[in-house]
Amino acid sequence: MDGMPSPATAVQPVCDLGGAGGTVPAALLGLRHGGVIRRFMRDHGVDRARAEALFVETLKWLWLARRSRNVRPAGLVLSMHPEMLGIDEMWHAMLLFTR
């Protein structure tokens, strides 16, 4: 999870995606699921601030993936990279913990 932004920079009220045609709704970025966050903390040995930051980054990623189905700027390629391991792990925690 070394490639992830620090919690202080990762949690933003709005993420400007410019060419993607919009911004992540602030209400979405305000969501938290305490159970997912606690499980991620336990399973990955991170503190709450780090788990919450990764939760928000995962919400941004999921929003972008969904948004790109309708609006895909030229050159936009969505794929996971090693630097995004924390997002991938949080996404798995979300899948395993929720219905």
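Residues numbered from 1 in each chain as written. Predicted model: local features only at pLDDT ≥ 70, side-chain atom pairs only at ≥ 80, totals over all residues. Heavy atoms only, no water.

(A) Quick peek at the environment of Gly35. For Gly35, the position within the fold is in helix H3 (residues 34–44). Since its relative accessible area comes to 10%, Gly35 is described here as buried. Sequence spacing of Gly35 and Thr98 is 63 residues, and the spatial spacing of their C-alpha atoms is 8.8 Å. (Helix = DSSP H or I, 4+ residues; strand = E, 2+ residues; numbered from the N terminus. Buried < 20%, exposed > 50% of the residue type's maximum accessible area, 1.4 Å probe, protein only.)

(B) Examining the pattern of salt bridges more closely. Inspection of every chain in the model, using the stated rule, returns four salt bridges. Between Lys60 and Glu57 there is a salt bridge, with its nearest N and O atoms 3.1 Å apart. With Lys60 and Glu57 both in helix H4 (residues 48–67), this residue pair falls three residues apart, about one helical turn. Residue classification places Lys60 among the buried positions, given a relative accessible area of 12%. What emerges from the salt-bridge pattern is a single network uniting Arg39, Arg42 and Asp43. (Salt bridge = Lys/Arg side-chain N within 4 Å of Asp/Glu carboxyl O.)

(C) Representation of helix H5 (residues 85–97) within the structure. In this model H5 runs 18 Å from its N-terminal to its C-terminal C-alpha over 13 residues, within 8% of the 18 Å that 1.5 Å per residue would give. When we look at burial in H5, the residues that qualify are Gly86, Ile87, Met90, Ala93 and Met94. Here the buried residues of H5 occupy an arc of 120° about the axis, which is enough to place them on one side. Of the surrounding secondary structure, the elements contacted by the buried residues of H5 are H3 and H4. (Expected span 1.5 Å × (residues − 1). Arc of directions from axis to C-beta. Contact = heavy atoms within 4.5 Å.)

Read these as spatial facts, not as claims about activity.
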